[in-house]
Amino acid sequence: MAANNGGWCGRGFKHRTFPKHSPLICYNKPASAQVDKTLYDDKRFKSLTGEIVETVVVPKRSARTWTMQTGDLCRITVSEGSQVGDVNFWNLDNTKERFYSGKTRQLHSTHLKVYDRLWSNLPYLRPMATFVYDSLAAYGIDEDGGSLHDVIGTRCDDYTYKLITGNDRVGSCHSSLTKAVIEERGLKEEDVHDVWNIFMCTGFTRVSIEEFCYIQCFLIVGYGSYILYLSGYSTIFL
Ligand SMILES: [Zn+2]
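Residues numbered from 1 in each chain as written. Predicted model: local features only at pLDDT ≥ 70, side-chain atom pairs only at ≥ 80, totals over all residues. Heavy atoms only, no water.

A. Summary view of the nonpolar core. Ranked by size, the top nonpolar core spans 24 residues in total, and within it I76, F89, W196 and Y229 carry the most contacts. It is strand 9 (residues 196-204) that provides the largest number of residues to this core, a total of 4 residues. Of all hydrophobic cores here, the second largest spans 8 residues; its members include A63, W90, V181 and L187. (Core = buried A, V, L, I, M, F, W, Y, C linked by side-chain atoms within 4.5 Å. Buried < 20%, exposed > 50% of the residue type's maximum accessible area, 1.4 Å probe, protein only. Helix = DSSP H or I, 4+ residues; strand = E, 2+ residues; numbered from the N terminus.)

B. Main features of unusual backbone geometry. Cis peptide bonds are those with omega within 30 degrees of zero, and the linkage from L122 to P123 qualifies with 5 degrees. Residue placement: P123 occurs in the loop between strand 6 (117-119) and strand 7 (127-134). The phi dihedral of Y115 falls on the positive side, at around 85 degrees, and the residue is not glycine. Its location among the elements puts Y115 in the loop between helix 2 (101-107) and strand 6. Its identity is not glycine, yet H149 carries a phi of approximately 60 degrees, on the positive side. Positionally, H149 belongs in strand 8 (residues 147-150). Exposure remark for H149: the relative accessible area of 0% places this residue in the buried category.

C. Structural view of the packing of aromatic side chains. Taken as a whole and judged by the stated rule, the model has 2 aromatic pairs. Ring plane angle 50 degrees and centroid distance 5.0 Å describe the contact between F89 and F99, whose orientation is recorded as tilted. Note that F89 is positioned in strand 4 (residues 89-91) and F99 in the loop between strand 5 (94-98) and helix 2, a separation of 10 residues in sequence. Residue F89 shares its accessibility class with F99, and that shared class is buried. Note on F131 and W196: the rings are 5.0 Å apart at their centroids and 75 degrees apart in plane angle, and the pair reads as edge-to-face. With F131 in strand 7 and W196 in strand 9, this residue pair connects regions lying 65 residues apart in the sequence. Assessed through its relative accessible area of 0%, F131 is described here as buried. Take W196: its relative accessible area is 0%, and that puts it in the buried class. The cationic tip of K43 hangs over the ring face of Y40; the distance from NZ or CZ to the ring centre is 4.9 Å. When the ring centre of Y161 is taken as origin, the NZ or CZ atom of R169, which lies over that ring, is 4.1 Å away. (Phe/Tyr/Trp six-rings, centres within 6.5 Å; stacked < 30°, edge-to-face > 60°. Lys NZ or Arg CZ within 6 Å of the ring centre and 35° of its normal.)

The quantities given are spatial measurements derived from coordinates; they are silent on function.
Okay, here's the thing in structure tokens:
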């Protein structure tokens, strides 16, 4: 049997070679993923000079929900220390429609930049919001490929913690999000979904393509750092 296997004994991986190809961008960006920058700068200015509808303080290690109507502007500011945030979105009138981080990543990139949009799940696939300002935009992409505001990951949760450590734990971004949607919106744990990971600096290692983050993110994100996004239609955010 082994004689025709090129020296491979059946254990481990058989050596194979593959032809080299140049990478191609998978998606041609649809027109609806490319906003008119002047128009959106004007919308941002109009909102910033308008009235404040609501101010929500989200204490650290907790979650809160808020509602936005079409055209509302949301400013998320780091008001204490150096923090990151996991953002979820639902259509206010149909919570089956919610943020789709994977498709947002394909239509834009792993880390969102100003004028990128946040897309909803299938079969809806609509821009739920548009990112219109980032006080940290100048960070760009560093020499390790790290950048801010990713749509790579999921959210930390106690189930994965137990899988890795074998220990029980109560207290994670997932449990905070779950508590807030149940108590404030009557939604369920299953409604919590993959997040827009704002203010965190993340990337992928070059060789093993594993996700990394910087423990030193407090060096990048400080008090007063903020982002702005405009709501595409009536939505709940968390
Ligand atoms: Zn977390």
